[in-house]
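Spelled out from the first residue to the last, the chains are:
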There are 4 protein chains.
Amino acid sequence: MGAEKINIAIVGSSGYTGGELYRLLVNHPRAQVTSVTSEKSAGKPLTSIFPHLAGLTNLICEPLDAEAIAKKADFVFLALPHVTSQEAAFRFHQLGKKVVDLSADYRLADPTVYEAWYEHCHQHPELLNSAVYGLPELHREKIRKASLVANPGCYPTSAILALAPLVKKGIVDLKSVIIDSKSGVSGAGRSPSLVYHYPEVNEGLMAYKIGTHRHTPEIEQELTALAGQSVRVSFTPHLIPMNRGILTTIYATLNAAVDTSQVHALYHEFYRNEPFVRLLAHGEFPNVRNVRGSNFCDIGVYADRRTGRGVVVSAIDNLVKGASGQAIQNMNLMMGFHETDGIKVAGMFP
Amino acid sequence: MGAEKINIAIVGSSGYTGGELYRLLVNHPRAQVTSVTSEKSAGKPLTSIFPHLAGLTNLICEPLDAEAIAKKADFVFLALPHVTSQEAAFRFHQLGKKVVDLSADYRLADPTVYEAWYEHCHQHPELLNSAVYGLPELHREKIRKASLVANPGCYPTSAILALAPLVKKGIVDLKSVIIDSKSGVSGAGRSPSLVYHYPEVNEGLMAYKIGTHRHTPEIEQELTALAGQSVRVSFTPHLIPMNRGILTTIYATLNAAVDTSQVHALYHEFYRNEPFVRLLAHGEFPNVRNVRGSNFCDIGVYADRRTGRGVVVSAIDNLVKGASGQAIQNMNLMMGFHETDGIKVAGMFP
Amino acid sequence: MGAEKINIAIVGSSGYTGGELYRLLVNHPRAQVTSVTSEKSAGKPLTSIFPHLAGLTNLICEPLDAEAIAKKADFVFLALPHVTSQEAAFRFHQLGKKVVDLSADYRLADPTVYEAWYEHCHQHPELLNSAVYGLPELHREKIRKASLVANPGCYPTSAILALAPLVKKGIVDLKSVIIDSKSGVSGAGRSPSLVYHYPEVNEGLMAYKIGTHRHTPEIEQELTALAGQSVRVSFTPHLIPMNRGILTTIYATLNAAVDTSQVHALYHEFYRNEPFVRLLAHGEFPNVRNVRGSNFCDIGVYADRRTGRGVVVSAIDNLVKGASGQAIQNMNLMMGFHETDGIKVAGMFP
Amino acid sequence: MGAEKINIAIVGSSGYTGGELYRLLVNHPRAQVTSVTSEKSAGKPLTSIFPHLAGLTNLICEPLDAEAIAKKADFVFLALPHVTSQEAAFRFHQLGKKVVDLSADYRLADPTVYEAWYEHCHQHPELLNSAVYGLPELHREKIRKASLVANPGCYPTSAILALAPLVKKGIVDLKSVIIDSKSGVSGAGRSPSLVYHYPEVNEGLMAYKIGTHRHTPEIEQELTALAGQSVRVSFTPHLIPMNRGILTTIYATLNAAVDTSQVHALYHEFYRNEPFVRLLAHGEFPNVRNVRGSNFCDIGVYADRRTGRGVVVSAIDNLVKGASGQAIQNMNLMMGFHETDGIKVAGMFP
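Caption draft 1: Inspection of the relation of the copies chain B and chain A at higher detail. It takes a turn of 180 degrees to lay chain B on chain A, together with a shift of 0.0 Å along the axis; the resulting RMSD is 0.0 Å. Each copy turns onto its partner about a two-fold axis. Proximity to the rotation axis, assessed at the C-alpha, singles out B:Pro241 in chain B; its C-alpha lies 3.4 Å from the axis. Of the residues that chain B buries at the interface, 100% are likewise interface residues in chain A, meaning the two copies contact each other through the same surface.

Listed below in structure tokens is the structure:
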């Protein structure tokens, strides 16, 4: 393979996004994981947490000691719970390491918004200024130069990518935006609770946190920036009996009489050079099964003449484009690698 | 049990709604199935199609011979494909039998609307006048007197029940109504095709027939009647990897500054005497798992002050309240039985 | 319906078997639940634990106070964890109540066997003598006269029913019996843990407790009684990504050259009057989907001439025939009701 | 990456194994797919059959024209139905191409056995002699030299790998071998039928083809060779509601009093240099979720002192180690590549 590889630390490796980072990095041509942390499993092999990685790694989980890790790693992924990540990102930043933070802690530029939605103070508001929101399709150049990238939430990735062309072009009524998202259960993390107990989820389906989900301000921040004016959205997440995947269905009133072909052309123009956005053909709509395990975001569009409304549907794998894959995409940009290194893999179907 | 039982024919008994009619009627105190038809399985036991009914029935499937069936049955359920049902309903009607038609053939009062959406002529438009749309919560008294009841579609049942109080009271912008529905796979029927092949559906999720689904005019017909003015809605169905259940999430702009308590009170008033509508407590939202196998429709409401939008979520079992259970509810009304006879059963959880 | 109903207490009502007892008793002609206990949810409505029962009950959970409950209830179902049930059964027995205990505490006649497998002492070994193992197909007459019935485990129900005719007739090598069982996740109860966290179970499949599962001695006790000599079996349970159902595949070397027809005839003879055992036709094998929600046990048999081995497959719903349904069947027998009262219901398919 | 790549044809690319071959070859360092055939989809892009591959390939499906394909491809994978593959393998062989045949057509060395189980004549029995059974763990050296490799069936891969050490060492009673296998639905292929219609499979579980499944002779052929004497097994496949994965539970009477440690040591010795067999630690057993998407076969062993029986459990992904991954492993061997090229990837969990 020739090229030298950088050393990667995955901080907080016991959750699904941590495991997924490892899975995707196994075959990365420029990076190798040399350090993984887990407080609960410190001293144990990573494969005791993730038996599917047996035969591929001998790493032992370490406790989170920023200085020790900084000595071994060139680049740090933080896969910690929000709030916890605030300090960790700050420490690695101080130690001169480039960081992709998969938590929500550095996504919201305005600390008062963070505090309102997350009900915690932000201990390092000064660092928010240098953090870049890691959606490459919108902020690629800033990401290249960033040392701290806040990796977007899974729902926001699916919603913002689906809405960006419409909002940027100003062809929808910004007050009319409705985002109805459906997520697989891995999005809820790996901590067991009755809500995610198998027989409670399987053959079940519910909406939750209607109007109050914490991904809302993140979506609004990005749409507001695209629109150049304040945008408020209705966002409803749903829990679907499947492991992975988010399908987001978006409704917005079109400002003018555009047809599906015109909307399609607009999206084509917007995304034609994007390596991970696949605009489906006219009349086709995405299915999460087609992005499972891959970093693709599939998008389908429809302009409904009867109601004057645009309908856009996007599909991502919440653990890949919605988390770990996008984090690697950001790392690739931050490190000057090919953007697609290690993540231009085929999804797994069926 | 004392009371004499009427004899029931299930015409078109090989699909899921046919099987579900039988399941629910097994313990009906006033009715017993004495005749089942299936062209493909004529001459074979019903249990060859539905092994789960073994030990509960010895019925043999017959071909559809209206006169022969009319001699044996007091009441007829038609569980045939649309178009096919047109003639069958007409025949049994002529033979003086009361009929609940589970197909779409007699749901749309205006035959031109039927023809536009179903792309077939209606052979008995005159009979449309006497057909009653079988949603008891809206048309109970008419159903009691009807001899032909058009059983509502599964999606429309979930959508209309969720919207009726808002639309009837005129507190939403009628142009703003968006209906995002998620259905289990049994809603697609029992005919195998690649789209419903297990590995294609499982761990998958998609929207389909965006803006074009045939249940749209049925929803609009009923909402228009409730509103007293024309209503057009955006309706998007989704296919969910589960057997049963529809969750419908509805968005509509509120005309005035009402809060969730007020919306809740409105729904409480509207449905407080309904045996099969369960309005959830303030802050709670339905899950299809809680209605699985039962005739209940669960509803939760939310008024989002941030966006000025009402969000209503409903859950039904598509094969029960969305089809066979509601059909029996209609039969109970048409026959003067207790409305809840045979269908006040607990859902199956988990 | 005329007949007076007895009052039922469900002690330990917050687990799946408790909920299932309630579901099945809703339509029982001779019994009604008047008392439910739950320590954790004392003071809360039963529907707060089981929202699917909303509209069907107003019962409030009580703490377990045997004397208070004994005053209100004519009959007691214990759906408590094992060990806990020892004392509860004893108390209600002392108070003169008939009891069906769904736990394992009174299943094993020999307290040393109980202590060896459950690693707890038995506090009331004297009561073991009067407890009857509640498998009606084997012990119907004893159950009728019993005041304490130990309801069989889910796996043992499926295994013993599948094996009884072969073992009783002495046509298999008793040393050759292998029981390979596959269970849905509800069999593991309602307590969340990582093992049953949705994304860990879904699309997964594993064997567990190989050679060490606690249902083994229960199976061996009953087979030993049937054979008139000691029987030891290999028993392997597996966890299947589905909510309900046990499929048990049994292998045993046939003593003589019998063919499938002969084995089938033997089973037919053995079970022909049983209301809840459905012997499938020659060449057919059961599927758990056909017993879901019902009290049936489906059985298919095969004699393999190539290997000289009999293969028997049984299917039950672990929560019905494997727990709550069988408990009601036992109650019906103990109370002199029709054995099928309230439980001759159709399973739910799909 | 420097090394030149060979050109690959996938003949019969519309089924799941065809798609999986493509997925795995996307990142193969030494091979690239240049030709795909499908009669039904000839002229259409491969992505019309497999939308998950969009953005990764522009290939157009061709009809099967052996000469045309032979001109473009250095190596041929046949993913055709059995019987059809007979002629195709012969043709490509004649044209001097190395072939891995994923069908059953060249697996059974004895054509009379083939004809007895597959109920078709073999048109090229002479070619059976040069065909090598492609289980690298048993036949690595022969595979390296072969020009036609018969890729093993999914069930046989899981069964033979689990049994080989026991049988080879002669420590089990060869008459006692029982193989109870559980497979995900993708093993049944991509042709829709009622049996695999989603609502019929989901929440269902059944055994099928008891004692008569066509993979039986393949298992017996390999075990017989290992044992040096004729072996007959009882083999029962089961259909599990999941997309991928086979878990095989094996029972065999141990000849002598060996304990689990000894059996474990035997397996360790047998497989310690194998790149794709992962022997689990003493006391651990495999779960298909840990091999999903990967080429690993996980094995756990247990010696049951109570019954004198060994229990071995293996897990594979039926589409990878059970089909396409193993096919690539065979290609790697046949072409002199590193055996793990392109297939030492992490499985996808969850």
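Caption draft 2: Structural view of the interface of chain B and chain A. Taken together, the contact pairs 49 residues of chain B with 49 residues of chain A. Around 4,100 Å² of area is buried between chain B and chain A when both sides are counted, 52% of it from carbon and sulfur atoms. Considering only the surface of chain B that becomes buried against chain A, B:Glu203, B:Leu205 and B:Arg306 emerge as the three largest contributors, covering 19% of it. Linking chain B with chain A are six salt bridges. Residue B:Lys182 is joined to A:Asp180 by a salt bridge in which the shortest nitrogen-to-oxygen separation is 3.0 Å. If you look at where chain B meets chain A, you find 30 residue pairs in polar contact (both at pLDDT 80 or more). Of all the secondary structure elements, the ones that give two or more residues to the side of chain B that touches chain A are strand E8 (178-183), helix H9 (198-201), strand E9 (206-207), helix H10 (216-227), strand E10 (234-239), strand E11 (246-253), strand E13 (297-304) and strand E14 (309-316) of chain B. A per-element tally of the side of chain B that touches chain A places E8(B) first, with four residues. When its residues are assigned to classes, the side of chain B that touches chain A shows 23 nonpolar, 13 polar and 13 charged.

Caption draft 3: How the structure looks around the side chain of A:Asp341. Residue and element names in this part refer to chain A. Along the chain, the position of Asp341 falls in the segment after helix H12 (320-335). In this structure, Asp341 is buried with no salt-bridge partner, the nearest side chain bearing the opposite charge being Arg30 at 4.7 Å. Contacts of Asp341, omitting those with residues within four sequence positions, involve His28, Pro29, Arg30, Ile328 and Asn332.

Caption draft 4: Layout of unusual backbone geometry. Residues and elements named next belong to chain A. Cis geometry is adopted by the peptide bond preceding Pro350, which originates at Phe349 and carries an omega value of -5 degrees. With respect to the element layout, Pro350 can be found in the segment after H12. Backbone geometry places Val83, a non-glycine residue, at a positive phi of 75 degrees. One can find Val83 in the loop between strand E4 (75-78) and helix H4 (84-94). For Val83, a relative accessible area of 27% translates into the label partly exposed. Positive phi values are uncommon outside glycine, yet Lys209 reaches one of about 45 degrees. Note that Lys209 resides in the loop between strand E9 (206-207) and helix H10 (216-227).

Thresholds applied
- Residues numbered from 1 in each chain as written.
- Chains lettered and ligands numbered in written order.
- Predicted model: local features only at pLDDT ≥ 70, side-chain atom pairs only at ≥ 80, totals over all residues.
- Heavy atoms only, no water.
- Least-squares fit on C-alpha atoms with pLDDT ≥ 70 in both.
- Contact = heavy atoms within 4.5 Å.
- Buried area = accessible area lost by both parts, 1.4 Å probe.
- Salt bridge = Lys/Arg side-chain N within 4 Å of Asp/Glu carboxyl O.
- Polar contact = N/O pair within 3.5 Å; in protein donor to acceptor, adjacent residues only side chain to side chain.
- Helix = DSSP H or I, 4+ residues; strand = E, 2+ residues; numbered from the N terminus.
- Nonpolar A, V, L, I, M, F, W, Y, C, P; charged D, E, K, R; others polar.
- Buried < 20%, exposed > 50% of the residue type's maximum accessible area, 1.4 Å probe, protein only.
- Lys, Arg positive; Asp, Glu negative; His and termini not counted.

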